[in-house]
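# Inside the fold
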Amino acid sequence: METTVLVVDDHPGFRRCARRLLEAHGYQVVGEAADGATALREAHELRPRLALVDVYLPDFSGFEVAERLVAIDPAMAVVLISSHDPAELKPVGAATGARGFIPKELLSREAIEEFL
Amino acid sequence: MSGGAGLDTSDRAEIVARLRALAEEQAALRRVATLVASGAEPAEVFARVCEEVGGVLGVRSTNLTRFEGDGTQTVLAGWSMPGAPVFPVGPDVPLEGQAAVAKVSRRGRPDRVDDYSTLEGELPERIREAGIASSVAAPITVSGELWGAIVASSGRAYSFPAETEARVAGFAELVADALASADAREKLAASRARIVEAGDSERRRLERNLHDGAQQRLVTLALALGEIENELGVDPGSAQRLLTTAREELALALDELRELARGIHPAILGEHGLGPALEVVIARTPVDAQLTALPRMRLPESVEAAVYYLVAEALTNVTRHAQASAVTVAVTRTKDIARVEVHDDGRGGARVGGGSGLRGLADRVEALGGSFELDSAAGAGTTVAASIPVETFG
């Protein structure tokens, strides 16, 4: 069974690229969200196995969204992504219940599998 | 010595009263001067002046206000006896109509309003809202220039005797220098704070632009390169299409980085000087713009940067707000001073602090020891100008 994924990022170029990459590696991208509110709604409806959440979103912070996604479904693997310096973000991300953190440019099957 | 020979009792009593009043004024002035000399915060000095004026003149409330040269005043301080009305402290208070302080700002001499109930206009309305029914104002003149005013007010109409103008004016003269010194310090501190804030805000803007622009494109590019790597052996056609997309992303990232770099500091300014840099800015201006004068020699780097940003900001304002048909830019230099003037034939009415970016320009010019000027009467075009000292050697 394919791992279902929700991609949460406000940059459409990145969402498009991430979808291509994930689908090429056998993941099923069931939803995309450009902001936190949409992400929470879609997570509720779609119950993805994995949510990739950008740290900076236009409405909520990615950390807050991660925390609320885990509350919706504790089995959901929530992984934070960002193009910011990972050293600055990892310690904060750990407190949210997110499984981990992947720098956007290093997004790959290997990086994702580590958290599933 | 006979001393008071020839004076009757009432004369003597009047002289004693005058001497006592003079002594009180001198003591009040000494207290203000001591406070200024101790390096007290300007706000504290302004508040003390209001309190001392109130005490010396025996009035129920006083304000100290600074004329801003753009048709507004900043009410710097206020004092009142318990329960007495006083005009609230704050910037951007209009200076129009027949209010006492407005008349002082136009005529430069003391004036009064004995009954505000019949005056029209925003300022009289705000004065009434503050509970004030009458006031007397006197000018504060510093180095020959009208700086602001001291205003004594009352909640009752017709409450000031005839000599109030002279007494307020007398005290205003005495405290003028102390006020000017405190005011200069306050303006300097405010200007420094604005420069720091402008720098922070600019850094935040750059970070956001980098993150949302070039950084995202490079991330996408990195992911695309990974995909291309995977596709090369499997589907060369797909790899080719991805390469085209990747090249487009890279070109856009480069454009965005160039645009950002130009905003931080235009390379052409450092390498080729003001002339070529200003020509580029002028060429981008949709209004008919001419560079009419330029010094033959290069100016110091900081002066060139200040002139460049002043012209760029002024031309942006012309484009956005002035409704002008033509604009001229002139940069001249005497031995010690560089001067820049941007003049348009638009609708005028610009002011420093109106969200036009002019406040930041004024700060930049003043930080270099220069002076900033704005002449923008409604309907008469706008001239933004600055004179900046140029250090000379030998």
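Predicted model, so just to flag it, every value in this text is computed and none were measured.

### Re the overall build of chain B
Along its length, chain B carries 10 helices and 11 strands. The proportion of buried residues among the 394 residues of chain B is 42%. In chain B, of all internal contacts separated by at least 6 residues, the share reaching a separation of at least 24 is 59%. As displayed, chain B offers around 20,600 Å² of accessible surface, 54% of which is attributable to carbon and sulfur atoms.

### A look at helix α1 (residues 9-37) of chain B
Residue pairs three or four apart in sequence face the same way in an α-helix, which turns once every 3.6 residues. Residues and elements named next belong to chain B. Its 29 residues place the ends of α1 41 Å apart at the C-alpha level, agreeing with the 42 Å of an ideal helix rising 1.5 Å per residue. Among all positions in α1, only Glu-25, Ala-27, Ala-28, Leu-29, Val-32, Leu-35 and Val-36 are buried. Elements in contact with the buried residues of α1: α2 (42-57) and α5 (164-232). Remark: Gly-39 follows α1 within two positions and exhibits a positive phi of approximately 80 degrees.

### Considerations on the packing of helix α9 (residues 301-322) of chain B against helix α10 (residues 358-367) of chain B
Residue and element names in this part refer to chain B. Interhelical geometry of α9 versus α10 gives an angle of 165 degrees and a closest axis separation of 10 Å. Judged by the angle between their axes, α9 and α10 are roughly antiparallel. The handedness of the crossing between α9 and α10 comes out as left-handed. Along the contact surface, α9 presents Ala-305, Ala-306, Tyr-309, Leu-310, Glu-313 and Asn-317, while α10 presents Leu-358, Leu-361, Arg-364 and Val-365. Residue classes in the contact of α9 with α10 are distributed as seven nonpolar, one polar and two charged.

### Section: the sheet that holds strand β5 (residues 134-142) of chain B
All names here are of chain B. Strand order in the open sheet formed by six strands is β3-β2-β1-β6-β5-β4, with antiparallel pairing between adjacent strands. Edge positions in the open sheet fall to β3 (90-94) and β4 (111-113), since each of these has one partner strand only. When strand polarity is set aside, the average angle formed by the axes of neighbouring strands in this sheet is 30 degrees. Relative to strand β6 (residues 145-154), β5 runs antiparallel, the two being bridged by nine bridges. Bridge pairing links Ala-137 to Val-151 in β6. Each of β1 (61-67), β2 (72-80), β4, β5 and β6 is contacted by helix α3 (residues 100-107), which is oriented at about 155 degrees to β4, the strand it contacts most. Where α5 meets the sheet, its contacts fall on β1, β2, β4, β5 and β6, and the angle it forms with β5 comes to roughly 50 degrees.

### A word on the interface of chain B and chain A
A common way to report how large an interface is uses the accessible area buried once the components associate. Between chain B and chain A, the contact holds 13 residues from the first and 13 residues from the second. Summed over both sides, the interface between chain B and chain A buries roughly 1,200 Å², with carbon and sulfur atoms accounting for 59% of that surface. Connecting chain B to chain A are one salt bridge. In this structure, Arg20(A) and Glu227(B) form a salt bridge, with 3.0 Å as the shortest nitrogen-oxygen distance. At the junction of chain B with chain A, the criterion picks out six residue pairs in polar contact (both at pLDDT 80 or more).

### Concerning a nonpolar patch on the surface
Residues and elements named next belong to chain B. There is a patch of nonpolar side chains on the surface, built from Leu-210, Leu-218, Leu-250, Leu-254 and Leu-257 and spanning about 390 Å² of accessible area. Those elements giving two or more residues to the nonpolar patch turn out to be α5 and α6 (236-264). Relative to the helices and strands, Leu-250 resides in helix α6.

### Some remarks on empty space enclosed by the protein
Inspection of every chain in the model, using the stated rule, returns one cavity of 30 Å³ or more. Quantified by volume, the largest cavity comes out at close to 150 Å³. Counted by class, the lining of the largest cavity contains 10 nonpolar, five polar and no charged residues.

Criteria and cut-off values
- Residues numbered from 1 in each chain as written.
- Chains lettered and ligands numbered in written order.
- Predicted model: local features only at pLDDT ≥ 70, side-chain atom pairs only at ≥ 80, totals over all residues.
- Heavy atoms only, no water.
- Helix = DSSP H or I, 4+ residues; strand = E, 2+ residues; numbered from the N terminus.
- Buried < 20%, exposed > 50% of the residue type's maximum accessible area, 1.4 Å probe, protein only.
- Contact = heavy atoms within 4.5 Å.
- Areas by Shrake-Rupley, 256 points an atom, 1.4 Å probe, with all protein chains shown as cover.
- Expected span 1.5 Å × (residues − 1).
- Axes fitted to C-alpha atoms, helices over the stretch in contact; angles between N-to-C directions.
- Parallel < 35°, antiparallel > 145°, perpendicular 65-115°, else oblique.
- Left-handed = near helix turned anticlockwise from the far one by under 90°.
- Nonpolar A, V, L, I, M, F, W, Y, C, P; charged D, E, K, R; others polar.
- Pairing = 2+ DSSP bridges.
- Buried area = accessible area lost by both parts, 1.4 Å probe.
- Salt bridge = Lys/Arg side-chain N within 4 Å of Asp/Glu carboxyl O.
- Polar contact = N/O pair within 3.5 Å; in protein donor to acceptor, adjacent residues only side chain to side chain.
- Patch = residues over 30% accessible without salt bridge, like charges linked within 9 Å, V, L, I, M, F, W, Y side chains within 5 Å.
- 1 Å grid on protein atoms, 1.4 Å probe; cavity = no way out; pocket = protein on both sides within 12 Å on 5 of 7 lines; lining within 4 Å.
- Points joined across faces, edges and corners; volume = space filled by probe spheres on them.

Function cannot be read off these values alone, since they describe shape.
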